[in-house]
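Commentary on secondary and tertiary structure
Single-letter residue listing:
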Amino acid sequence: MATLTIPEIGPKQVLVEVKATSINPIDWKLREGYLKQMFDWQFPIVLGWDVAGVIIKVGTEVTDWKIGDEVFARPDTTRKGTYAQFTAVDDNLLAHKPKNVSFEEAAAVPLARETAFQALFTHGKLQSGETVLIQAGSGGVGTYAIQLAKSFGAKVIITTSEKHFDLVKDLGADEIIDYRTEKITDKLKDIDLVIDTLGGINQEEAFSIMNPKTGRQISIVGESENTKEIIKDTNLQFESIWLQPNGDNLQKIADLMTQNKVKSIIDSVLPFSKDSIVKAHQISATNHSTGKVVIKF
Ligand SMILES: NC(=O)c1ccc[n+]([C@@H]2O[C@H](COP(=O)([O-])OP(=O)(O)OC[C@H]3O[C@@H](n4cnc5c(N)ncnc54)[C@H](OP(=O)(O)O)[C@@H]3O)[C@@H](O)[C@H]2O)c1
């Protein structure tokens, strides 16, 4: 494990002593170099963009936060991430950690949960009573998306495999498609909103099961090769999004957690060590984890 200096903070930042962080697929994708075009960073790079911890220093222009506050955040995407004992966070990205959840449960939330929130509501414009298909409902983003959509009054259909059926039912799924044995194109039609977490052929096939008048598909994994051609001359809408971290969004999510309306699903909690980070990346990179992998300090 490398020894780094404690990060300097700017006037509108706080320094957080990290109690827990969590793994997202972006971590190992970045490590493998897949996102080089988006983030042309110099080494060393500290990975990790989820944090739950305690504020130990505040910048000179920070007014809403104080030393000792228990917080969580999806910090800005910089090369100084959260796999570290201390991390700097912009004050507008912070939210109060709900008192009824642990640091580990809180660290699982920010990136995945804000993505689910923005895909469903900010971009997907989900309305109560609409039907939403959430691809990979048992994943980090999917487990939060099910709960958010359900609590908003939507009918929730998800894809996953059989080992996750009980979990996703418990989270609120109304209908489950086992992607290993069934095809969405045989089972579904008139879907108002599709949340695409898989891309490729999954994204392209989903257009045929969407409501021709109201159908929207929001992808968090980029646009597939034939998407433009498929939706040309139709009313179907498509958008590929990238999470914009937002402390106000996260505070809304924290409030839902305080009311026990949403919970974190955690695949595993590992201690902060080089071996654990390797293991955690291996679990996430299988694409078959259940909810989130968390690192505890
Ligand atoms: N644009 C953004 O801002 C943004 C933000 C967050 C994430 N992402 C991206 O979104 C993707 C999903 O992230 P995540 O954290 O939710 O992933 P994840 O936690 O790794 O997803 C794992 C889950 O996917 C399920 N799964 C795997 N293949 C499937 C298939 N063909 N059909 C249905 N379910 C399948 C697995 O269920 P089984 O074990 O049952 O197979 C597993 O539970 C990643 O590529 C990530 O990089 C983008």
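Quick caveat, the model's predicted, so the values are computed rather than measured. (Residues numbered from 1 in each chain as written. Predicted model: local features only at pLDDT ≥ 70, side-chain atom pairs only at ≥ 80, totals over all residues. Heavy atoms only, no water.)

Quick look at the nonpolar core now. Ranked by internal contacts, the top residues of the largest apolar core, which has 45 residues, are L120, V132 and I134. In terms of nonpolar packing, the next biggest core, distinct from the first, is built from 19 residues, I26, I277, A280 and V293 among them. (Core = buried A, V, L, I, M, F, W, Y, C linked by side-chain atoms within 4.5 Å. Buried < 20%, exposed > 50% of the residue type's maximum accessible area, 1.4 Å probe, protein only.)

What follows concerns the pattern of salt bridges. Taken as a whole, this structure holds 14 salt bridges when the rule is applied. Between D91 and K12 there is a salt bridge; the shortest N-O distance is 3.6 Å. Of this pair, D91 sits in the loop between β4 (86-90) and β5 (94-96) while K12 sits in the segment before β1 (13-23), placing them 79 residues apart in sequence. Take D91: its relative accessible area is 13%, and that puts it in the buried class. Among the residues examined, K12 registers a relative accessible area of 42% and is labelled partly exposed. In this structure, K150 engages D174 in a salt bridge whose closest nitrogen and oxygen atoms are separated by 2.6 Å. Of the two residues, K150 is situated in helix α4 (residues 140-151) and D174 in the loop between α5 (165-171) and β8 (175-178); the sequence distance between them amounts to 24 residues. (Salt bridge = Lys/Arg side-chain N within 4 Å of Asp/Glu carboxyl O. Helix = DSSP H or I, 4+ residues; strand = E, 2+ residues; numbered from the N terminus.)

A word on the environment of V132. Considering the arrangement of structural elements, one finds V132 in strand β6 (residues 131-134). Separated by 128 residues in the primary sequence, V132 and N260 have C-alpha atoms spaced 22 Å apart. When residues no more than four places from it in sequence are discounted, the contact partners of V132 are L120, L126, A149, A154, K155, V156, I157, I191, L193 and I195. (Contact = heavy atoms within 4.5 Å.)

A few words now on the pairing of β6. What you see with β6 is no split at all: T131 and L133 on one side and V132 and I134 on the other are buried throughout. As paired strands, β6 and strand β7 (residues 155-160) are joined by four bridges and run parallel to one another. Across the sheet, residue L133 finds its bridge partner in β7, namely I157. Read as a crossover between parallel neighbours, the route from β6 over α4 to β7 is right-handed. (Pairing = 2+ DSSP bridges. Right-handed = clockwise from strand over helix to strand, strands pointing away.)

Sheet analysis places strand β12 (residues 266-271) next to strand β13 (residues 292-296), joined by five bridges and oriented parallel. What sits directly across from V269, in β13, is V294. Handedness of the crossover is the feature at issue here: the chain leaves β12, passes through helix α10 (residues 274-285), returns alongside β13, and the resulting connection is right-handed.

What surrounds the ligand is a group of 26 residues, the closest being K29, S161, Y179, H288 and S289. Contacts to the ligand include G140, whose backbone N or O atom sits 2.7 Å from an oxygen atom. At the level of elements, α1 (25-32), α3 (110-123), α4 and β7 are the ones that each hand at least two residues to the shell around the ligand. Considering only residue class, the shell around the ligand consists of eleven nonpolar, twelve polar and three charged. (Near = heavy atom within 4 Å. Polar contact = N/O pair within 3.5 Å; in protein donor to acceptor, adjacent residues only side chain to side chain. Nonpolar A, V, L, I, M, F, W, Y, C, P; charged D, E, K, R; others polar.)

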